[in-house]
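A structural walkthrough
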Amino acid sequence: MPPGPDPETRSWASADVRRFAAVTNLLVAARRFRIVGGDPRDASALDGLLTGLGARPAAEHEPIDQLWCLGSPEDSTPVIEREADRPRGATLIVIDAGRHLPAVDEDAFGPVVTARPGVLGVPMLSDDVFLVSTGRDPEDDPAADARLRWARRSMPVSRAVAAELRDGGLLRGTRIGVAMFLEPKTAVLSLLLRDAGAEVVVYAHADETDDAVAASLRAAGLTVHASSTASLPEQKALALAMLDTRPHILLDDGSHVIRLAHQERPDLLPTMLGAAEETTSGLRPLRVMASRGELGIPVVAVNDARTKTFFDNRYGTGQSTVFAMLDLVDGLPSGTHRAISGGAAVVAGFGHVGEGVALVLSALGFRVTVAETDPVRALQALFAGHTVAPLAEAVQDADLVVSATGVADTIDLRVLRSCADGAVVAVAGGVDHEVALDDARAAGAELRPVGPKAERLVFPDAEGGPIVLDRGGCINITAAEGNPIEIMDLSFAAQLGAVRMLLERGDELERAVVPIDPAVDDATARTALAAFGARPVPPGLPAEHPADREPDVRTRRFGDPA
């Protein structure tokens, strides 16, 4: 086996891919790429990282989604011009990843325009070709409108499902409450619902609100109950104000507003068609409520849709969480922490989120140990090539510790005391108090700021301690822009499918957590396959079973059954 890249080259490749993702909010996995020019060792390191993250090198005459330019403008310009000749709507992202000097001459293609902060359009070349420089800081976009336009163009699946709802007239007269992380992708979902005929009311928690996006939605005529500066009592008042508009359907992320409706506005429940819940951690309390007979509306388990869990939880949260962590770590003073590419990482939990986090960490060169209490999942982690160990033991030598359970107190007091000095601790998605900071403070520990959204936890009997990112918050949301656009396109298409279910059958559904219709998954996946440039197999029975005849299931192992 050839040797891997040296630490410096690996670090460069990691930083460039993370910068691309931060600037575009796009997915790495499933995309076809080509690398042009540059040192063969740099190209090999970048190829290995992109492939490890789930991208695919394009064949010689195959269309590409991403063109990574490493050499000189003389190398890249003719390739860019050739690849710009593509079908309308087929996006090409050209990434200037020159390690030492620019690899793309932005002036070679005529005037450029800002497509979103850090992304340039080249309209004289093509409306579908965009330039990204990994060596330049993106411009500010206080109005957020460009970010909304960028998200919308990369959400073809949600657009298609919303168009069906619009054409069918199902949403006319329906009021929908959207209670999710308020950022460009959620704004696009809200606008698609509005354009399909619904009246849309939006709420978001303070730490999940992009005020510029909220302003854009208000300018578009939507009612938005959200502010990034709202106190806890003010957040409750905003959420109740949204409920007081008496929505027929709630789309929730964490089930906080669904539960608030049961606690504070029970008179609303009989007037509702139901709700849809986006997360694993949000479904847990709802299932408890249903088992007690306390759930007053049907709740569609969008989180359990295959097109959500297999992609959002694994590829989306894996990429966005790990990238957000490492971006924060890169901003810390030298010597503050011990998290470096090629170091040791611990992942607590090996559900779909834990799988994705471990996959991305491995691709970035970390040695991954998984701590998992479910023996089957622990065995699965072992088969995936990871070490398996108890959490309190695994963190003793770890450089990076990631909780991916969605369970409170996963990183408990004992685990925090066991962490090495300078180890970085963060949460992938999850719930409040997944890191037991309240217990640590009760034991006399102090949180001392060391950088943006980073604090060292120091116990009374210690001089140093671990670095906790964003006080154990949902790091890909509070310190970044959430999951990649294409991933949320799949999840929101499932949400729209759940809306259709509630509109068509809400009165018939049991007051419980109900599974999403499998047809929603199938339709979402087929539309997504086409959007990713693949050719889906036509629906129907396998070829050996003609559609007009029942399958013959009799055994022929012992001769002709006739």
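What follows covers the overall build of the protein chain. Within the protein chain one finds 19 helices and 22 strands. A compact globule built from 562 residues would reach a C-alpha radius of gyration of about 24 Å, and the protein chain, at 24 Å, matches this within 12%. Projected onto the principal axes, the alpha-carbon positions of the protein chain cover approximately 70 × 65 × 65 Å.

Taken together, Glu74, Asp75, Asp105 and Asp107 make up a surface patch of like negative charges. With respect to the secondary-structure elements, Glu74 resides in helix α3 (residues 73–83). When its relative accessible area of 61% is taken as the criterion, Glu74 is described as exposed.

The next point concerns the sheet that holds strand β22 (residues 513–515). The seven strands are arranged β10-β9-β8-β11-β12-β13-β22 in an open sheet whose pairing can be described as parallel. One side of each edge strand has no neighbouring strand; the edge strands of this open sheet are β10 (223–225) and β22. Each adjacent strand pair in this sheet contributes to an overall mean axis angle of 25°, direction not counted. Across three bridges, the pairing between strand β13 (residues 299–301) and β22 is parallel. Bridging across to β22, Ala301 finds its partner in Pro515. Sheet strands in contact with helix α10 (residues 280–291) are β12 (274–277), β13 and β22, and its direction is about 115° off that of β22.

In this structure the tally under the stated criterion is 42 salt bridges. Between Arg287 and Asp304 there is a salt bridge, with the nearest N and O atoms lying 2.6 Å from each other. Of this pair, Arg287 sits in helix α10 while Asp304 sits in the loop between β13 and α11 (306–330), placing them 17 residues apart in sequence. Overall, the relative accessible area of 39% leaves Asp304 in the partly exposed class. Put simply, Arg554 and Asp552 hold a salt bridge, and the shortest N to O gap is 3.1 Å. Note on Asp552: relative accessible area 36%, which makes it partly exposed. When salt bridges with common partners are traced through the structure, they connect Arg31, Arg32, Asp65 and Glu486 into a single cluster.

Analysis parameters
- Residues numbered from 1 in each chain as written.
- Predicted model: local features only at pLDDT ≥ 70, side-chain atom pairs only at ≥ 80, totals over all residues.
- Heavy atoms only, no water.
- Helix = DSSP H or I, 4+ residues; strand = E, 2+ residues; numbered from the N terminus.
- Rg over C-alpha atoms; globule rule 2.2 N^0.38 Å.
- Patch = residues over 30% accessible without salt bridge, like charges linked within 9 Å, V, L, I, M, F, W, Y side chains within 5 Å.
- Areas by Shrake-Rupley, 256 points an atom, 1.4 Å probe, with all protein chains shown as cover.
- Salt bridge = Lys/Arg side-chain N within 4 Å of Asp/Glu carboxyl O.
- Lys, Arg positive; Asp, Glu negative; His and termini not counted.
- Charge placed at Lys NZ, Arg CZ, Asp CG, Glu CD.
- Buried < 20%, exposed > 50% of the residue type's maximum accessible area, 1.4 Å probe, protein only.
- Pairing = 2+ DSSP bridges.
- Axes fitted to C-alpha atoms, helices over the stretch in contact; angles between N-to-C directions.
- Contact = heavy atoms within 4.5 Å.

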